[in-house]
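Observations on the model geometry
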Amino acid sequence: EAGVAQSPRYKIIEKRQSVAFWCNPISGHATLYWYQQILGQGPKLLIQFQNNGVVDDSQLPKDRFSAERLKGVDSTLKIQPAKLEDSAVYLCASSADLAEAFFGQGTRLTVV
Amino acid sequence: AQSVTQLGSHVSVSEGALVLLRCNYSSSVPPYLFWYVQYPNQGLQLLLKYTSAATLVKGINGFEAEFKKSETSFHLTKPSAHMSDAAEYFCAVSAFGNEKLTFGTGTRLTIIP
């Protein structure tokens, strides 16, 4: 079974630029999550999708972050414009039930 | 609301010694509890989970954790540490019936040869 795929693995951008991350969940998983992991901290949920609908985006900074999950499969997370404090690892995860989420390897973003 | 507190951001143990990583939770509803491991430049891998069945949960790589409601704890243990156990470990909680995970700040485990 293929795992959660994310790209790119690494990205370096200047502040005020825009960036997009892509996630392909495990086939058949209805729920998809984006987490932000700042160095030295635990992951923090940014947004949760159920199929192509948003379940929870309460911690998503909507003035600069946006996410979509077209057709209930792949998802993209965008930051525009980026700030220095957005430097983090962005983790995508998917799940088929309530008991386990499978994580991708993450995208490490550095904003300079 | 749910939260977890991991005591000790860094833990060092000798190879072959007992591993004990501490996690205390707070939840207004029956919790689901998880331990994840993260190796450098990797995503998170599930070690074990508690979902209201047996209070002693066995996971992969010889790890286990015991749910203690009276102490609101879910500590992770392994009888004998191996060099390959060196990693970052995260405790997480979700509310019954809700998949959203709330993570602790993590504990970095170092194994001394």
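On a predicted model such as this, the values are computed, not experimentally measured, just so you know.

Moving on: the overall build of chain A. The helix and strand tally for chain A stands at 0 helices and 11 strands. Starting at the N terminus, the α and β elements of chain A follow one another as β-β-β-β-β-β-β-β-β-β-β. Since a compact globule built from 112 residues should have a radius of gyration of about 13 Å, the 13 Å found for chain A is in line with a globular shape. Looking at chain A as a whole, 45% of its 112 residues qualify as buried. Within chain A, contacts between residues at least 6 apart in sequence are counted, and of these 51% link residues at least 24 apart. Put simply, chain A shows about 5500 Å² of open surface, and 51% of that area lies on carbon and sulfur atoms. Put simply, chain A has 12 plus and 11 minus side-chain charges, and the middle of one group is 8 Å from the middle of the other.

Quick look at the overall build of chain B now. Check the secondary structure of chain B and you find 0 helices and 11 strands. At 13 Å, chain B has a C-alpha radius of gyration in line with the 13 Å of a compact globule built from 113 residues. Its C-alpha atoms give chain B principal-axis dimensions of about 40 × 30 × 20 Å. Split into buried and exposed, the 113 residues of chain B put 44% on the buried side. Taking the contacts inside chain B whose residues are at least 6 apart along the sequence as the reference set, 56% of them involve residues at least 24 apart. A total of about 5300 Å² of accessible surface is found on chain B, and carbon and sulfur atoms cover 53% of it. Here chain B contributes 8 positively and 7 negatively charged side chains, and the mean placements of these two sets differ by 5 Å.

The interface is formed by 26 residues belonging to chain A together with 20 residues belonging to chain B. Where chain A abuts chain B, roughly 1800 Å² becomes buried across the two surfaces, and 49% of that area is made up of carbon and sulfur atoms. The interface formed by chain A and chain B holds 1 salt bridge in total. Linking Lys100 of chain B and Asp56 of chain A is a salt bridge whose minimum nitrogen-to-oxygen distance equals 3.5 Å. Between chain A and chain B we count 6 residue pairs in polar contact (both at pLDDT 80 or more) in total. Contributions of two or more residues to the side of chain A that touches chain B are made by strand 4 (31-37), strand 5 (44-50) and strand 9 (88-95) of chain A.

A few words on the pattern of salt bridges. Following the criterion strictly, the structure yields 6 salt bridges over all chains and no others. Between Arg64 of chain A and Asp86 of chain A there is a salt bridge, and its shortest N-O distance comes to 2.5 Å. You can see Arg64 of chain A sitting in the loop between strand 6 (53-56) and strand 7 (65-68) and its partner Asp86 of chain A sitting in the loop between strand 8 (75-79) and strand 9, a full 22 residues away along the chain. For the pair shown, Arg64 of chain A and Asp86 of chain A are each scored as buried. Of the charged contacts in the structure, one is a salt bridge between Asp85 of chain B and Lys78 of chain B, with a shortest N-O distance of 2.9 Å.

This paragraph deals with the confidence of the model for chain A. In the predicted model, chain A carries a mean pLDDT of 93, and the fraction of residues at 70 or more is 97%. Mean pLDDT in chain A bottoms out at strand 6 of chain A, which sits at 91, and peaks at strand 8 of chain A, which reaches 98.

Attention now moves to the nonpolar core. Formed by 26 residues in total, the largest nonpolar core has its most connected members in Trp35, Leu48, Phe74, Leu76 and Tyr89 of chain B. Among the elements of the structure, strand 2 (10-14), strand 3 (19-27), strand 4 (31-38), strand 5 (44-50), strand 7 (64-68), strand 8 (73-78), strand 9 (87-95) and strand 11 (107-112) of chain B are those that each provide at least two residues to this core.

As for its position among the elements, Ala93 of chain A is in strand 9. In contact with Ala93 of chain A, other than residues within four places in its own chain, are Thr31, Leu32, Tyr33, Ala101, Phe102 and Phe103 of chain A.

Criteria and cut-off values
- Residues numbered from 1 in each chain as written.
- Chains lettered and ligands numbered in written order.
- Predicted model: local features only at pLDDT ≥ 70, side-chain atom pairs only at ≥ 80, totals over all residues.
- Heavy atoms only, no water.
- Helix = DSSP H or I, 4+ residues; strand = E, 2+ residues; numbered from the N terminus.
- Rg over C-alpha atoms; globule rule 2.2 N^0.38 Å.
- Buried < 20%, exposed > 50% of the residue type's maximum accessible area, 1.4 Å probe, protein only.
- Contact = heavy atoms within 4.5 Å.
- Areas by Shrake-Rupley, 256 points an atom, 1.4 Å probe, with all protein chains shown as cover.
- Lys, Arg positive; Asp, Glu negative; His and termini not counted.
- Charge placed at Lys NZ, Arg CZ, Asp CG, Glu CD.
- Buried area = accessible area lost by both parts, 1.4 Å probe.
- Salt bridge = Lys/Arg side-chain N within 4 Å of Asp/Glu carboxyl O.
- Polar contact = N/O pair within 3.5 Å; in protein donor to acceptor, adjacent residues only side chain to side chain.
- pLDDT = per-residue confidence, 0-100.
- Core = buried A, V, L, I, M, F, W, Y, C linked by side-chain atoms within 4.5 Å.

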